[in-house]
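Okay, here's what each chain looks like letter by letter:
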Amino acid sequence: MIVVTGATGNVGRTLVRLLTEAGEPVTAVSRKITESDVPRGVRVLAADLADPAGLRPALDGAGALFLLISGDFVAAAGSPGDVIGRVLDDARSRGTGRVVLLSSQGVATRPGSASHGSTARSIEDAVRRSGLDWTILRPGGFASNVYAWAGSIRAQRAVAAPFGEVGLPFIDPDDIAEVAAVALREDGHAGQVYELTGPALTTPRQRAEAIGEALGEPIRFTEQTREEARAQMLRFMPEPVVETTLSILGEPTPAELRISPDVERLLGRSPRTFAEWARRNAAAFR
């Protein structure tokens, strides 16, 4: 049995499907999950990582565990590393042997950032201390982040974003899910940290153009100033997260610009391009 937390998200939903198609028994965990959210035959459990006791029923008989740490969990948990440590203690005591953690590139590139680095590091440390065979995945920006543009694209065929000419190697969440499936099912990944990126740098302007091509209609791109973007982001993000995010988007470090070979090495193919992601998800922007 493989337990997948965050099972209704952009990575978790695909991971559940991939594992099920491979014949693996799966327990899918999310706070508000129902049987309609998963393929037939998948066991579901509505639970919150911030409450380790609620997760225990899923861990009985689990050989492997996929941990996806949401921003809501970090806000609710108080001390995220300690909470995850308790989850992993429960997993080990119930016979789980393997854990795969979806962490953040920021652990390495922004170690001093509470929002992107130090919190994720505390969770990684708990995983390393767990006594389980662990694998850590550190993706950069997700292609699915541009779902934030969906409303303005549907209504106005327009996008406003800062740093229009600054490229980053956004990764398709489905590639992350495929790597996670490999690490959960196959031997040889214990003690490994994999950095996951897309195959090329793309700028916000290029991403808007790719969505327009997928829709068959042009998308108007307007470049925001840093302050305009900051004011917009503060409506739904804490200030420290906003400041770090703007730094990544506007002044990425060399490590954040690096194209990692890990996806290709693990999957035997190149990572999917942003344009491929846009074509596959065009319905969200129609």
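See above for the structure.
To keep things clear, this report deals only with the structure shown in the data block. It should be emphasised that the depicted structure is a prediction, and the values quoted were computed from it without experimental measurement.

Parameters at a glance
- Residues numbered from 1 in each chain as written.
- Predicted model: local features only at pLDDT ≥ 70, side-chain atom pairs only at ≥ 80, totals over all residues.
- Heavy atoms only, no water.
- Helix = DSSP H or I, 4+ residues; strand = E, 2+ residues; numbered from the N terminus.
- Rg over C-alpha atoms; globule rule 2.2 N^0.38 Å.
- Buried < 20%, exposed > 50% of the residue type's maximum accessible area, 1.4 Å probe, protein only.
- Phe/Tyr/Trp six-rings, centres within 6.5 Å; stacked < 30°, edge-to-face > 60°.
- 1 Å grid on protein atoms, 1.4 Å probe; cavity = no way out; pocket = protein on both sides within 12 Å on 5 of 7 lines; lining within 4 Å.
- Points joined across faces, edges and corners; volume = space filled by probe spheres on them.
- Nonpolar A, V, L, I, M, F, W, Y, C, P; charged D, E, K, R; others polar.

**Describing the overall build of the protein**
Phase 1 of the analysis: A count of helical and extended segments in the protein gives 14 helices and nine strands.
Phase 2 of the analysis: A compact globule built from 286 residues would reach a C-alpha radius of gyration of about 19 Å, and the protein, at 19 Å, matches this within 12%.
Phase 3 of the analysis: Considered along the principal axes of its C-alpha atoms, the protein spans approximately 55 × 40 × 35 Å.
Phase 4 of the analysis: Sorting the 286 residues of the protein into buried and exposed places 52% on the buried side.

**Examining the packing of aromatic side chains**
Phase 1 of the analysis: What the rule picks out here adds up to four aromatic pairs.
Phase 2 of the analysis: With centroids separated by 6.0 Å and ring planes inclined at 20°, the aromatic side chains of Tyr147 and Phe285 adopt a geometry described as stacked. With a gap of 138 residues between them, Tyr147 in the loop between strand 6 (133–139) and helix 7 (150–156) and Phe285 in the segment after helix 14 (274–280) connect regions that are remote in the sequence.
Phase 3 of the analysis: Owing to a relative accessible area of 30%, Tyr147 belongs among the partly exposed residues under this scheme.
Phase 4 of the analysis: Three or more aromatic residues joined by ring pairs make a cluster, and in this case those are Tyr147, Phe274, Trp277 and Phe285.

**Focus: the layout of surface pockets**
Phase 1 of the analysis: Here the second largest pocket is characterised by a volume of approximately 200 Å³.
Phase 2 of the analysis: Along the wall of the second largest pocket there are 14 residues; nearest its centre are Asn10, Thr14, Tyr147, Asp174 and Asn281.
Phase 3 of the analysis: Where the lining of the second largest pocket is concerned, the elements lending two or more residues are helix 1 (12–21), helix 8 (173–185) and helix 14.
Phase 4 of the analysis: At three residues, helix 1 tops the list of elements feeding residues into the lining of the second largest pocket.
Phase 5 of the analysis: Residue composition of the lining of the second largest pocket, grouped by class: three nonpolar, six polar and five charged.

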